[in-house]
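Structural overview
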Amino acid sequence: MNVWQEKGQLLRLWVHECYRETWDRLERADQRRFYELCNETLAGCFEVTLHGLCPNNQSPIFTDVLREDRDGKNPYEDVRDVHRLIAHVEAKWSEVGGDSSEKLIIHREAVEHATKLLRAVGSGSGIMLMGRPGSGRTVVCQLAARLSSLSFHRMGVRARDEPEAIERAFRKLFQVCQHQRTLVMINLDDMRHGEDGNEPNERLLELLSGMVAGEEWPILFCGGADESERTKIVQITEDVALGGLEWGQVRSNFHLVVCMPLEASAYRIILQRYPSLARDLTVDCMHDWPEATLLEISRKYLLRKVPLNVPIEGPVVDGSGRAAKKTRNRESLIQSTEERLQLATHDLLFRIHYAVQTEATGPIGDRPVIIAPCSWYFELLDTFERVLREKRGELRALHRKFRIGIERIEDATGKVADLSEELERRQREIALFQEQLDAFLEQIALQTTEADEQTEEVSLKRVKIGAEEVICKQLAAVAEADLERAMPALNAAVSALDSLNKKDMNEIKSYSRPPTKVELVMEAVMILLGHEPTWAEAKRQLGEQKFLDTLKGFDRNSISERTLKTIGAYVRNPELEPEKVGTVSRAAKSLILWVRAIENYGKVYKYVHLYRSIQSSNSKSVWLPLVF
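Structure report, in brief. (Residues numbered from 1 in each chain as written. Predicted model: local features only at pLDDT ≥ 70, side-chain atom pairs only at ≥ 80, totals over all residues. Heavy atoms only, no water.)

Remarks on the overall build of the chain
A tally of regular secondary structure across the chain gives 24 helices and nine strands. Residues classed as buried in the chain amount to 37% of the 628 residues present. Here the contacts in the chain between residues at least 6 apart in sequence split such that 72% fall between residues at least 24 apart. For the chain, the exposed area adds up to about 36,800 Å²; of that, 53% sits on carbon and sulfur atoms. (Helix = DSSP H or I, 4+ residues; strand = E, 2+ residues; numbered from the N terminus. Buried < 20%, exposed > 50% of the residue type's maximum accessible area, 1.4 Å probe, protein only. Contact = heavy atoms within 4.5 Å. Areas by Shrake-Rupley, 256 points an atom, 1.4 Å probe, with all protein chains shown as cover.)

This is the structure in structure tokens:
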């Protein structure tokens, strides 16, 4: 343990303790008076000023997170270089990786709250973080866990949860605490007495109060329990005993962080009903961020995502004759253009944030407005970055168009000079072309005579095509009649499928070595459906619930010529006559009737479709004979 004898260090420690115990409990209006009292005490008793000890009147930070041999026993290490501390925290946060490490902005106030939490954990007590939703309490807990050897566990319990659900959550928590020190975060933001009828969950708070007070598990879970509840407690005891750990080991690994709303009514409930929580938990109030914190966040955000010193293309020309990029130069010895833009941008964002925060503090009717200005500030920064990026894109597009326009004008000027010379040369060529034109006119006259002859020939062909069209219409009518005669057989086959059911399909599927006729029928069916014509594939398709619906809805108008030719061999097989197949299997008979009807329909429809196509195209001059 370090022993300090220097006056400045002792005074900074005293100021730190004053801030730690008092600052977060004050309203904004009382903080100015705190400054004055602290400064008057330091000036009157020690002849120093608060600003002289603590620049910008900010609380000193005492922590041992920068020590490599940190053991948690001496958390009072005076950190003078806050930027080094923040850089160390950012490095610890980025070790985990992921999107959260890129989006999160570490600032002084978050680090200060994380060090307070670590000090409370190191002293063996828990902490109560009081703040509005979105004030960064979860991030503070995660920061503290990553800066130490603790694992982070968030219990998802609410005021409306039943006692059984809460006990299951604690049982899961005990399993976690058996093997490692755990920072347990419990959110009680819904504990507002009398609001919307949300009463505090008595069972949850009783368990938390007992854990903090160091009670043994029989006292925590038994109480006035009956026999069934005692059996449940025995199960919990067995779970806690897993791994050979004692209940004391589980309790020593349990480090509690209770998140509560920053409201007097919520804290009054804790004081009145559960005084052990108020006595054993250190209270840390997280208010809305001050302007200094907002300035730090916006400066880091702008430096990370919104670069203001974007290079632009100017009239500077390098040695190769190409336009080079130049950046803005410092316009004064005090501030650069980029620095002044950052300050102006932050002032704009702060004014917008302050206006929203002012409106958020006022109630609407009899209910307060529930809004998280802290998290909203990040949304404001993201919106600013998005709008600025879009406007920059628009300006770049306009600048690119303007530059391209200037380049085109210069290019056009050079081309005009070249075209003037080209014009003179073309005029000389025109005279020569005029002579050639006269010769072309004579040739055109000859071609006109040939065109008249070709027109007469086309007229004769049109008459011939008209006669062929009449013949095609007659053949189409014959094909349509054949198609109408094929439809009853197809409808009968579909009706035969309607008589089949799952039992009939299972009858065929049950064959391990099917009869030859059944196997050939299923091969034909698989070929039509476009599947592999094997018995294994047939059994798999028969197992489908919509197999019969697939057959009924089969697209019979799109059968390829190759498939019809293959199926024709099965249809012409004398062993696959429907009556012969029916002696083996009734279901196979219906399937072969469907195959024969589809094959007959496909042959007829092939020619019907052909003649319909010929009839719709009057430009066809070739007649195809109908061959069955």
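Here we look at the side chain of threonine 63
Turning to its location among the elements, threonine 63 is positioned in the loop between strand S1 (61-62) and strand S2 (78-79). Judged by relative accessible area, threonine 63 falls into the buried class, the value being 5%. Here the side chain of threonine 63 touches valine 65 through a polar contact of 3.4 Å, landing on its backbone nitrogen. (Polar contact = N/O pair within 3.5 Å; in protein donor to acceptor, adjacent residues only side chain to side chain.)

Here's the deal with a negative patch on the surface
A surface patch of negative charge is lined by Glu450, Asp452, Glu453 and Glu456. Mapped onto the elements, glutamate 450 comes out in helix H17 (residues 373-498). Classification of glutamate 450 by relative accessible area gives partly exposed; the value is 47%. (Patch = residues over 30% accessible without salt bridge, like charges linked within 9 Å, V, L, I, M, F, W, Y side chains within 5 Å. Salt bridge = Lys/Arg side-chain N within 4 Å of Asp/Glu carboxyl O. Lys, Arg positive; Asp, Glu negative; His and termini not counted. Charge placed at Lys NZ, Arg CZ, Asp CG, Glu CD.)

Side note on the nonpolar core
Inside soluble globular proteins, nonpolar side chains tend to come together where they are buried. Counting 33 residues, the largest nonpolar core has Ile508, Met522, Val525, Phe547, Leu551, Trp594 and Val595 as its most contacted members. Mapped by element, the contributors of at least two residues to this core are helix H18 (502-509), helix H19 (516-529), helix H20 (535-542), helix H21 (547-552), helix H22 (561-571) and helix H24 (586-616). The element contributing the most residues to this core is H19, with nine residues. (Core = buried A, V, L, I, M, F, W, Y, C linked by side-chain atoms within 4.5 Å.)

Observations concerning the packing of helix H8 (residues 163-177) against helix H9 (residues 202-213)
Taken N-terminus to C-terminus, the directions of H8 and H9 make an angle of 30 degrees; their axes are 9 Å apart at the nearest point. Only Arg203, Leu204, Leu207, Leu208 and Met211 of H9 make contact with H8, whose side of the interface consists of Pro163, Ile166, Glu167, Phe170 and Phe174. Across the contact of H8 with H9, the residue classes tally to eight nonpolar, no polar and two charged. (Axes fitted to C-alpha atoms, helices over the stretch in contact; angles between N-to-C directions. Nonpolar A, V, L, I, M, F, W, Y, C, P; charged D, E, K, R; others polar.)

What about the sheet that holds strand S7 (residues 281-286)?
Spatial ordering of the open sheet is given by S4-S5-S6-S3-S7, a layout of five strands whose pairing is parallel. In the strand order of this sheet, the two ends are held by strand S4 (151-155) and S7, each with one partner. Shown here is a sheet whose adjacent strand axes are inclined to one another by a mean of 20 degrees, direction ignored. Its contacts with the sheet place helix H7 (residues 137-147) against strand S3 (126-131), S4, strand S5 (182-187), strand S6 (254-260) and S7, and it is angled at close to 175 degrees to S5. (Pairing = 2+ DSSP bridges.)

What about the packing of aromatic side chains?
For the structure shown, the criterion picks out five aromatic pairs. Arranged with centres 5.1 Å apart and planes meeting at 80 degrees, the rings of tyrosine 19 and phenylalanine 34 form a pair that is edge-to-face. Of the two residues, tyrosine 19 sits in helix H1 (residues 7-22) while phenylalanine 34 sits in helix H2 (residues 28-46), which places them 15 residues apart along the sequence. Comparing tyrosine 19 with phenylalanine 34 shows no difference in burial state: the two are buried. Consider the rings of tryptophan 23 and tyrosine 35, whose centres lie 5.3 Å apart with planes at 40 degrees: the pair is tilted. Taken together, the positions of tryptophan 23 in the loop between H1 and H2 and tyrosine 35 in helix H2 put the pair twelve residues apart, joining distant regions of the chain. Overall, the relative accessible area of 18% leaves tyrosine 35 in the buried class. (Phe/Tyr/Trp six-rings, centres within 6.5 Å; stacked < 30°, edge-to-face > 60°.)

Structural notes on unusual backbone geometry
Of note in this structure, glutamate 47 is not a glycine but carries a positive phi near 60 degrees. As for its position among the elements, glutamate 47 is in the loop between H2 and helix H3 (50-53).

Some points on the environment of valine 525
Positionally, valine 525 belongs in helix H19. Taking the C-alpha atoms as reference, valine 525 lies 8.8 Å from tryptophan 594; in sequence the two are 69 residues apart. For valine 525, the residues in contact, after removing those within four places along its chain, are Phe547, Leu551, Leu591, Trp594 and Val595.

Brief notes about the pairing of S7
The buried count for S7 comes to five of six residues, which makes it a mostly enclosed element. In terms of strand pairing, S3 meets S7 through six bridges, oriented parallel. Bridge pairing links isoleucine 127 to threonine 282 in S7.

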